[in-house]
Amino acid sequence: MVAAATAATDAAEAVVAVVSDRVGLSWRGPLAAAILSNLDRIDVIELMLEDFIDASRDQLGGVRLLRSTTPVMVHGVSLGLASLGPVASRRLDRVARVVDAIAPESWSEHLAFVRAGDIEIGHLAAPPRTQSTIEGTARNVDRAAAVLGARPLLENIATLVDPPGSELDEGAWVRETLSAADTDLLLDLHNLHANATNFDFDPIAFLDQIPMDRVRQIHIAGGRWVTHTVDGLAERRLLDDHLHDVPDPVYRLLVEVAARVSGPLTVILERDGRFPMTSTLLKQLDQARDALREGRGRAQLPAVAV
Amino acid sequence: MSTVRFERFLARLYTDAELLRRFLADPMSTAARSGLDDTERSWLRDVDRAGLVFASESFGRKRASRRQPLLRRLLSLFRRRL
C-alpha cells in the first residue's frame, strides 16, 4: 500500500514536471500591490478587457511592462457573442485596439448575450440553448476572429434562471457551440458548480459531455446564497458573485478536470471585491495547485482490477 | 429554435420590472401583447418563474453598480467646476 502510494506520488510529480500547469489571479485595482509584490507565486495574470477600453497610451504601456515579466491574458464581458444578433463592428474594433496594444497570450469572452438591440441587460444572460443560438454564436465568433485575428476562448456562464426556450441541456449546448465556433473552452468551475446546484444536475456528468481536449483555461471563484419568495414559496439560488472564498466543491471539480485533460491548464482565481488578506488569496492559489497535482496524479494511476 | 424577437423579449423581462410583474401574473397574454407568436409563446409554457425573479433582480443590481462610478465621475467633474 505504501509502495502504491509512493508510486502514485512519483507519477504525479513526473506529470507535473511535464505538464506545465499555471495558476494566477485576475487583476483588480485594489489587488495591484498584492499581485506585484508576489509575482514569484503568481504564474499568470488575467486582465479585464473593458478596464482598458478607454486606457491611455501610457496606461497600455504599463500593461506591456507587466507583460514583459508575467504572462497576461485578457477577458471580456461586453461583446455578447452568444446572440442571434450580430456583434457590432464598433465594439469589436474597440476590443481589437486593446488586444493589439496588450498582445496577450489569449483572449476570452462568455457564452452569453448581454443586450438585444437597444436594451442593455447589464450583465451576462444565458441564451436559449438551441441550434439557432449555437449558429448565432459561431457567426459572432467568426466576426470577432476576423477583426481580432484570433478566436476567443469561450466561457460557460452561471445563470440564475433556467434559460427560457431551451431545447438542449447545458453540456450538449456547450459541446455543440464549441464545435460550431471551432474554439476552445474557458471552463468556469464555480459557474458549473452554481448551475449544477441550482438546476440539480451532476457536474461530473457535465464534464463527461464536453470535449475535455478543448479545455484550456479554468476559472475558480466563490459565491453566496440568495433568497426570494416567489408564488408564495421561499426559493434560494447560489449566486456566483466573486466576493467569497473558493468553496471545496470547486477544488474537487478542479481535481476531476486535471485528471481528464492531458494538455496544460491555466487556472485563474477571480475575486472582484471583499478582498481578503493577500495570504488568503495566495493560499487559495496553492490549494488550486494541490488540486491540479492530485488530478494529474490520478490520471497516471494504473488501472486496478476489481 | 429561437428568434431575435424572443431574445429581445427575454432582455425586456430582465430589465423591465413592470413587464416581469405582468408576465408572472399572466404569462401568455403578456407575451402575446408583446408581439410573440404562437410558437414563441409555447417556449414560455414551463418557464422558470422563480429564476426570472432572481435573474432580473441580479441584473438590476449589476446595472446599478455600473451606474455608481459614472455618477461619482460626474459629481467630481461638477465639484471641480465649482
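See the structure above.
Residues numbered from 1 in each chain as written. Chains lettered and ligands numbered in written order. Predicted model: local features only at pLDDT ≥ 70, side-chain atom pairs only at ≥ 80, totals over all residues. Heavy atoms only, no water.

Enquirer: What should I look at first to understand the overall build of chain B in this one?
Expert: The helix and strand inventory of chain B stands at five helices and zero strands. Its helices and strands in sequence order give chain B the pattern α-α-α-α-α, from N to C terminus. For chain B, the proportion of its 82 residues judged to be buried stands at 38%. Residue pairs at least 24 apart in sequence account for 60% of intrachain contacts in chain B once pairs closer than 6 positions are excluded. When the accessible surface of chain B is summed, it comes to about 5,100 Å², and 54% of that surface belongs to carbon and sulfur atoms. (Helix = DSSP H or I, 4+ residues; strand = E, 2+ residues; numbered from the N terminus. Buried < 20%, exposed > 50% of the residue type's maximum accessible area, 1.4 Å probe, protein only. Contact = heavy atoms within 4.5 Å. Areas by Shrake-Rupley, 256 points an atom, 1.4 Å probe, with all protein chains shown as cover.)

Enquirer: Which parts of the structure should I look at to understand helix H1 (residues 4–15) of chain B?
Expert: Since the α-helix turns once every 3.6 residues, residues separated by three or four places project in the same direction. In this model, H1(B) (twelve residues) spans 17 Å end to end at C-alpha, consistent with the 16 Å of a helix rising 1.5 Å per residue. Within H1(B) the residues assigned to the buried category are B:Phe6, B:Glu7, B:Phe9, B:Leu10, B:Ala11, B:Leu13 and B:Tyr14. (Expected span 1.5 Å × (residues − 1).)

Enquirer: Can you walk me through empty space enclosed by the protein in this structure?
Expert: Gaps between atoms show up when a probe of the same size as a water molecule is rolled over them. All names here are of chain A. One pass over the full model with this rule turns up one cavity of 30 Å³ or more. Computed from the structure, the largest cavity encloses a volume of approximately 70 Å³. Lining the largest cavity are Leu-111, Ala-126, Pro-127, Arg-129, Asn-156, Ile-157, Glu-170, Trp-173, Val-174 and Asn-195. The element that contributes the greatest number of residues to the lining of the largest cavity is helix H6 (residues 170–181), accounting for three residues. (1 Å grid on protein atoms, 1.4 Å probe; cavity = no way out; pocket = protein on both sides within 12 Å on 5 of 7 lines; lining within 4 Å. Points joined across faces, edges and corners; volume = space filled by probe spheres on them.)

Enquirer: Looking at this model, I keep getting lost on the interface of chain B and chain A. Mind explaining?
Expert: In many analyses, interface size is given as the accessible surface area lost on bringing the parts together. The interface of chain B with chain A comprises 30 residues on the first partner and 35 residues on the second. For the chain B and chain A pair, buried surface summed over both sides reaches about 2,800 Å², with 65% attributable to carbon and sulfur atoms. Contact with chain A buries surface across chain B, with B:Met1, B:Glu7 and B:Phe54 losing the most and accounting together for 25% of the total. Joining chain B to chain A, the criterion identifies three salt bridges. Between A:Arg237 and B:Asp48 there is a salt bridge; the shortest N-O distance is 3.0 Å. Inspection of the region where chain B meets chain A yields ten residue pairs in polar contact (both at pLDDT 80 or more). If you list the elements that add at least two residues to the side of chain B that touches chain A, you get H1 and helix H5 (49–81) of chain B. Of the residues forming the side of chain B that touches chain A, the biggest block, 14 residues, is contributed by H5(B). Class assignment for the residues of the side of chain B that touches chain A results in 15 nonpolar, five polar and ten charged. (Buried area = accessible area lost by both parts, 1.4 Å probe. Salt bridge = Lys/Arg side-chain N within 4 Å of Asp/Glu carboxyl O. Polar contact = N/O pair within 3.5 Å; in protein donor to acceptor, adjacent residues only side chain to side chain. Nonpolar A, V, L, I, M, F, W, Y, C, P; charged D, E, K, R; others polar.)

Enquirer: What is the right way to look at the pairing of strand S4 (residues 107–110) of chain A in this model?
Expert: The side chains of a regular strand alternate, first on one face of the sheet and then on the other. All names here are of chain A. Residues of S4 alternate between two faces, with Trp-107 and Glu-109 on one and Ser-108 and His-110 on the opposite face, all of them buried. Pairing of strand S3 (residues 72–75) with S4, which is carried by two bridges, proceeds in the parallel orientation. Each bridged residue has a counterpart across the sheet, and for His-75 the counterpart in S4 is Ser-108. The β-α-β motif built from S3, the intervening helix H4 (residues 89–102) and the parallel element S4 has right-handed crossover chirality. One ladder, built from three bridges, connects S4 with strand S7 (residues 153–155); its direction is parallel. Among the inter-strand pairings, Glu-109 is bridged to a residue of S7, identified as Leu-154. (Pairing = 2+ DSSP bridges. Right-handed = clockwise from strand over helix to strand, strands pointing away.)

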